[in-house]
Amino acid sequence: MSMQASLTFGRRCQVTDLVVDRSAEHQIMAHAVTAVVYLAIGGILALLIALTRWQWVHLLPVNTFYELLSTHGMVMLIFWILFFEVAGLIFASTVLLSARMVAPIVGWIAYAMMLGGSLVAMLLMLTGRATVMFTSYPPLLAPPTYYGAVLVFAVGAIVAVVHFFVNVIAARRRGDVGTLPLFTFALLAAAILALWSLAAGAAALIPAFLWSLGLIGPPDPGVYRLLYWGLGHGAQQVNLAAMIGIWYALASLTVGAKPVNEGLSRVAIVLYVLFIQMGSMHHLLADPGIAPWVRNLNTSYFMYAAVMASLIHAFSIPAAVELAMRERGLSNGLFGWLRNVPWGEPGFASLAVSLVLFGVFGGISGVIMGGPQANLLAHNTLIVPAHFHMTVVAGTTAAFMGISYYLVPLVFQRQMMLPAMVKAQPWVYGFGMTVLCIGMGLAGHWGLPRRHWDVTFSSTGPLGINLLAGSAEPTIFLAIMGIGAIIAVTGGAMFVLSIVGTVFLGTRTATPDLGYVSPEAFAPMPALVAGGSEDHPAAAHAGAFEVPGTLVLALLFLMLFIALYGYSWIELSGIPMLFR
Amino acid sequence: MAVRVSSLVKPRGAWWQSLGRDERLWVGLVVIWGLAMFAMIVFIWPAIGARDNDIQAYRVDPATFHDKVEAFTAANKVGEIAGVPVVAAPAGGDAYLEAAAFSWRPFLQLQRGKQYRLLLSSRDLQHGFSLVFGPRSLNYQVLPGYITVVQITPERSGEFPVVCNEYCGLGHHLMLGRVIVKD
Ligand SMILES: [Cu+2]
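**Focus: the overall build of chain B**
Piece 1. In terms of regular secondary structure, chain B is built from two helices and 12 strands.
Piece 2. For chain B, the α and β elements follow one another from N to C terminus as α-β-α-β-β-β-β-β-β-β-β-β-β-β.
Piece 3. Over its C-alpha atoms chain B spans a radius of gyration of 25 Å, topping by over 25% the 16 Å that the globule rule assigns to 183 residues.
Piece 4. Dimensions of chain B along its principal axes, counting C-alpha atoms only, are 80 × 40 × 30 Å.
Piece 5. Going through the 183 residues of chain B one by one, you find that 57% of them count as buried.
Piece 6. Roughly 6700 Å² of accessible area belongs to chain B as shown, and the carbon and sulfur atoms make up 55% of that amount.
Piece 7. In chain B, the 18 positive side-chain charges and the 15 negative ones have mean positions that sit 9 Å from each other.

Next comes the structure, spelled out in structure tokens:
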């Protein structure tokens, strides 16, 4: 590896000692800033929407509500997430490997397509010209410009993902990279899932586009749903794989954690690539036209292979943290390490918030309602957005925020602004999301529908049946949701403020203060001693459990999972209707 | 223990290693739990549960389905609420329900403890059938061109709203049907 040659294309980072390609750096900046702008827009919309569904406030008029809800879904689930992920893909395939970007111009073309497509789609939705929700289910019709804009965005994203593969392959060819770092490996899995998702999305949207131009008849609504959810849920699997990579990265950065078993972590990542896309079919559990055995196979057997993968990460990340703390002598007893982890570091706090909220609320609720029977009680109720706000918003977004506190100062070479606010941000955000999702989840569990302007049916005349009239419960649940939204949006605003402030006003420095960063986070693996004793499995695991604290926590989590899962079947038995 | 590295650093050499005691225990439990959930959904619940997901489906032309609903309504109408026909489905027989932007027709009258074949379809857009018991609801997707067919047996009498829970346009929140269960 010749560092002399490498330096011709970039600078050496004085904090991490990585070589940073100039084009890659600029493209990471462009994608990250765009992502954060979309997050800010989506957050404002989130507040307005939540304050409308909080029936006591019922803020927005009807058409505005549906317009902003459409925009919110698209901006948050697709634009914020994908721009951030492409920034992550560029970072993982160039900077982290000290490798150069193969074709900067291709990267810029991808960015331009993503930016142009997303802006047009967002403006059409905001101005009421494509009020079709993020799903745009036919025969609900949007103008051709809308489908065209989304397709341009998707093709741009595909180009960015292919560029990631090209960068990784080129870096390996030059011999700079042997085995990929675990973080890059997770993003590689995310990139593979992204290609699959974007291809499914194109297969759904191209016929819709042609139909909107009047060239073909309407797409079959059932087939569209099948293809669409390859994108709609597939994109969330991309988030999952990226988030897992970030979990490992944050654990390494903040406590110097090293995966306890590199091989096991990688196998679990491969399980995602092989199995998780089949779980996308859980969106079709209440649909006509899909044979029950297909539903069952895809959403139980195959999805559980992916659930197993998540459960492995849920164990191996805390285990890596525990082991790192024990190795540094910062633990006594079962849980002493938990007292000594850096709760005040925003990176660690974000990891904790993301892992707990994603795993405990998002994961368990997802598995339960992803079963074909229980799904009939959940399909299209508010419990669905409650679930994915726990996964994508409390899980993925919190993780993305956490890693930003390191990436943004390093890439922009600026001192992080407002450090005290940054310290509090993950906790405010996590608390708000918890309250929001508890309220929304209980409201959906009670039976209230999602994507609905007025559950009191006040404008329905003599037919009206007020869903909030019979019992105080749903009214209270919606209020909890509204209050949670206010807190969560405050937490989100704290993130946006600190990042935007840093990017534009932060003091320029080649060595930004990142808080505590473990010296081992970027330290290369020690060279092998001749005849090295690195791999002696027999000696490796002699004696007692290595991570007893994590094991106890994991067992408690599994018991909660089993209890809630069991309870869901008891509840199903209590529905005052038999159905098959 | 083998040499381990940060997740941000490339591992070198033989970094594969066998599972430790902790990992073996956890992976074992996780595999057992995954298989248990699989067995529950595919084998156990279908054998013991009275509430299951066996949605049947037919292809249908929306106009044909509309005619069926009209004929069903004419043959079994027992009243009217605010201009919407109330139709008593024959016990043990078929009950038709049509979604359209923005209505559910007709209102269905069922008898407690009797089984019905509920046939759901749409005249225009995608809709969501949501029968709200409060607490809890029962939900099915309704697509134009398809009939969603389910067997239902109401066990509680009363009047239950049918809400649309698939966004279907700016009047989505106006769609309100009714299921009346008589003793
Ligand atoms: Cu509808």
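**Details of the coordination of the copper ion**
Residue and element names in this part refer to chain B.
Piece 1. Taken together, the protein ligands of the copper ion are His127 (ND1), Cys164 (SG), Cys168 (SG) and Met175 (SD), with distances of 2.0 to 2.3 Å.
Piece 2. Note that the copper ion binds four donor atoms; their angles at the metal cover 97 to 122°, and the shape is tetrahedral.
Piece 3. Donor residues for the copper ion, ordered by position in the chain, follow H-x36-C-x3-C-x6-M. Of the two residues, His127 is situated in strand β8 (residues 127-132) and Cys164 in strand β11 (residues 158-164); the sequence distance between them amounts to 37 residues.

**Structural notes on a nonpolar patch on the surface**
Piece 1. Taken together, Trp293, Leu297 and Tyr301 of chain A together with Val31 and Leu35 of chain B make up a surface patch of nonpolar side chains, about 480 Å² in accessible area.
Piece 2. Counting residues per element, the ones that place at least two in the nonpolar patch are α10 (292-327) of chain A together with α1 (21-48) of chain B.
Piece 3. Residue contributions to the nonpolar patch peak at three residues, all from α10 of chain A.
Piece 4. Tracing the backbone shows Leu297 of chain A in helix α10.
Piece 5. Taking the relative accessible area as the measure of exposure, Leu297 of chain A reaches 32% and is therefore partly exposed.

**Some details on the interface of chain B and chain A**
Interfaces are often sized by the amount of accessible area the parts lose when they come together.
Piece 1. Taken together, the 93 residues of chain B in the interface contact 122 residues of chain A.
Piece 2. Its largest share of buried area at the contact with chain A, chain B owes to Leu8, Trp26 and Arg136 of chain B, together 9% of the area lost on that side.
Piece 3. Scanning the region where chain B abuts chain A turns up six salt bridges.
Piece 4. A salt bridge links Asp220 of chain A to Arg59 of chain B; the shortest N-O distance between them is 2.8 Å.
Piece 5. Viewed at the interface, chain A and chain B are joined by 48 residue pairs in polar contact (both at pLDDT 80 or more).
Piece 6. Those elements that provide at least two residues to the side of chain B that touches chain A are α1, β1 (56-59), β8, β9 (137-142), β10 (146-154), β11 and β12 (176-182) of chain B.
Piece 7. Top contributing element to the side of chain B that touches chain A by residue count: α1 of chain B, with 18 residues.
Piece 8. Of the residues that constitute the side of chain B that touches chain A, the class distribution is 55 nonpolar, 22 polar and 16 charged.
Piece 9. Note: strand β3 (residues 577-579) of chain A against β10 of chain B, three bridges, orientation antiparallel. Pairing of Leu578 of chain A across the sheet is with Thr153 of chain B, part of β10 of chain B.

**Focus: helix α18 (residues 548-573) of chain A**
Piece 1. Its 26 residues place the ends of α18 of chain A 38 Å apart at the C-alpha level, agreeing with the 38 Å of an ideal helix rising 1.5 Å per residue.
Piece 2. Inspection of α18 of chain A places Gly549, Thr550, Leu551, Ala554, Phe557, Leu558, Phe561, Tyr565, Ser568, Trp569, Glu571 and Leu572 of chain A among the buried residues, and these make up the whole buried set.

**A few points about the environment of Pro449 of chain A**
Piece 1. Secondary-structure assignment places Pro449 of chain A in the loop between α15 (419-446) and α16 (473-505).
Piece 2. The buried category is assigned to Pro449 of chain A, whose relative accessible area is 0%.
Piece 3. Along the primary structure Pro449 of chain A and Val384 of chain A are separated by 65 residues, whereas in three dimensions their C-alpha atoms are 9.4 Å apart.
Piece 4. Sequence-distant contacts of Pro449 of chain A, defined by excluding residues within four places in its chain, comprise Arg53, Asn380, Thr381, Leu382, Val455 and Leu467 of chain A together with Val163, Cys164 and Asn165 of chain B.

**A closer look at the packing of aromatic side chains**
Piece 1. Enumeration according to the criterion identifies 37 aromatic pairs over all chains in this entry.
Piece 2. Taken together, a centroid distance of 5.7 Å and an interplanar angle of 15° make the contact between Phe315 of chain A and Trp26 of chain B stacked. Taken together, the positions of Phe315 of chain A in helix α10 and Trp26 of chain B in helix α1 put the pair across two chains. Like Phe315 of chain A, the residue Trp26 of chain B is buried in the burial classification.
Piece 3. Residues Phe561 of chain A and Trp33 of chain B carry aromatic rings whose centres are separated by 5.4 Å and whose planes lie at 80° to one another, so their mutual orientation is edge-to-face. Taken as a pair, Phe561 of chain A in helix α18 and Trp33 of chain B in helix α1 lie in two separate chains rather than in one.

**Details of the side chain of Thr131 of chain A**
Piece 1. Mapped onto the elements, Thr131 of chain A comes out in the loop between α4 (104-126) and α5 (144-173).
Piece 2. A relative accessible area of 13% places Thr131 of chain A in the buried class.
Piece 3. If sequence neighbours within four positions are ignored, Thr131 of chain A has contacts with Tyr66, Glu67 and Ser70 of chain A together with Tyr167 and Leu170 of chain B.

**Observations concerning helix α8 (residues 234-255) of chain A**
Residue and element names in this part refer to chain A.
Piece 1. An ideal rise of 1.5 Å per residue puts 32 Å on 22 residues; α8 measures up with 32 Å between its terminal C-alpha atoms.
Piece 2. Taken across its 22 residues, α8 has 22 buried, putting it largely inside the fold.
Piece 3. Among the residues trailing α8, Gly256 stands out with phi positive, at a value near 70°.

**Regarding the sheet that holds strand β6 (residues 107-111) of chain B**
All names here are of chain B.
Piece 1. Pairing within the open sheet is mixed, and its seven strands lie in the order β2-β3-β6-β12-β11-β8-β9. With one partner strand each, in any of the chains shown, β2 (77-81) and β9 form the two edges of the open sheet. Strand-to-strand twist in this sheet, taken as the mean axis angle between neighbours without regard to direction, amounts to 25°.
Piece 2. As paired strands, β6 and β12 are joined by four bridges and run parallel to one another. The residue bridging Leu110 from the neighbouring strand is Val181, located in β12.
Piece 3. Contacting β2, β3 (84-88) and β6, helix α2 (residues 62-76) runs over the sheet at an angle of about 75° to β3.

**Describing the pattern of salt bridges**
In a structure, side chains of opposite charge can pair up when their charged atoms sit close to one another.
Piece 1. Scanning the entire structure with this criterion turns up 16 salt bridges over all chains.
Piece 2. A salt bridge links Arg451 of chain A to Glu166 of chain B, with the shortest nitrogen-to-oxygen separation between them at 3.3 Å. Taken together, the residues span two chains, with Arg451 of chain A in the loop between α15 and α16 and Glu166 of chain B in the loop between β11 and β12. The exposure classification of Arg451 of chain A matches that of Glu166 of chain B, with both residues buried.
Piece 3. Salt-bridge contacts for Glu80 of chain B lead to Lys77 of chain B; the nearest nitrogen and oxygen are separated by 2.8 Å.
Piece 4. Relative accessible area serves as the criterion here: at 41%, Lys77 of chain B is assigned to the partly exposed category.

**Section: the confidence of the model for chain B**
Piece 1. Confidence in the prediction of chain B, expressed as mean pLDDT, is 93, and 98% of residues score 70 or more.
Piece 2. For this predicted complex, the interface score ipTM comes out at 0.95, while the overall pTM is 0.94.

**Some points on the nonpolar core**
Piece 1. Among the nonpolar cores identified, the biggest contains 256 residues, and Phe79, Tyr146, Tyr565 and Phe579 of chain A together with Phe129 of chain B are the most heavily contacted of them.
Piece 2. Top contributing element to this core by residue count: helix α3 (residues 62-93) of chain A, with 22 residues.
Piece 3. Among all residues touching Phe79 of chain A, those that are not within four sequence positions of it are Tyr38, Met74, Ser118, Ala121, Met122 and Phe153 of chain A.
Piece 4. Counting residues in each nonpolar core, the second largest holds five residues, with Leu463 of chain A together with Val84, Val86 and Ile180 of chain B among its members.

Procedures and definitions
- Residues numbered from 1 in each chain as written.
- Chains lettered and ligands numbered in written order.
- Predicted model: local features only at pLDDT ≥ 70, side-chain atom pairs only at ≥ 80, totals over all residues.
- Heavy atoms only, no water.
- Helix = DSSP H or I, 4+ residues; strand = E, 2+ residues; numbered from the N terminus.
- Rg over C-alpha atoms; globule rule 2.2 N^0.38 Å.
- Buried < 20%, exposed > 50% of the residue type's maximum accessible area, 1.4 Å probe, protein only.
- Areas by Shrake-Rupley, 256 points an atom, 1.4 Å probe, with all protein chains shown as cover.
- Lys, Arg positive; Asp, Glu negative; His and termini not counted.
- Charge placed at Lys NZ, Arg CZ, Asp CG, Glu CD.
- Donors = N, O, S within 2.8 Å, 3.2 Å for Na, K, Ca; no water.
- Tetrahedral: all angles 85-135°; square planar, octahedral: opposite > 155°, others 65-115°.
- Patch = residues over 30% accessible without salt bridge, like charges linked within 9 Å, V, L, I, M, F, W, Y side chains within 5 Å.
- Salt bridge = Lys/Arg side-chain N within 4 Å of Asp/Glu carboxyl O.
- Contact = heavy atoms within 4.5 Å.
- Buried area = accessible area lost by both parts, 1.4 Å probe.
- Polar contact = N/O pair within 3.5 Å; in protein donor to acceptor, adjacent residues only side chain to side chain.
- Nonpolar A, V, L, I, M, F, W, Y, C, P; charged D, E, K, R; others polar.
- Pairing = 2+ DSSP bridges.
- Expected span 1.5 Å × (residues − 1).
- Phe/Tyr/Trp six-rings, centres within 6.5 Å; stacked < 30°, edge-to-face > 60°.
- Axes fitted to C-alpha atoms, helices over the stretch in contact; angles between N-to-C directions.
- pLDDT = per-residue confidence, 0-100.
- Core = buried A, V, L, I, M, F, W, Y, C linked by side-chain atoms within 4.5 Å.

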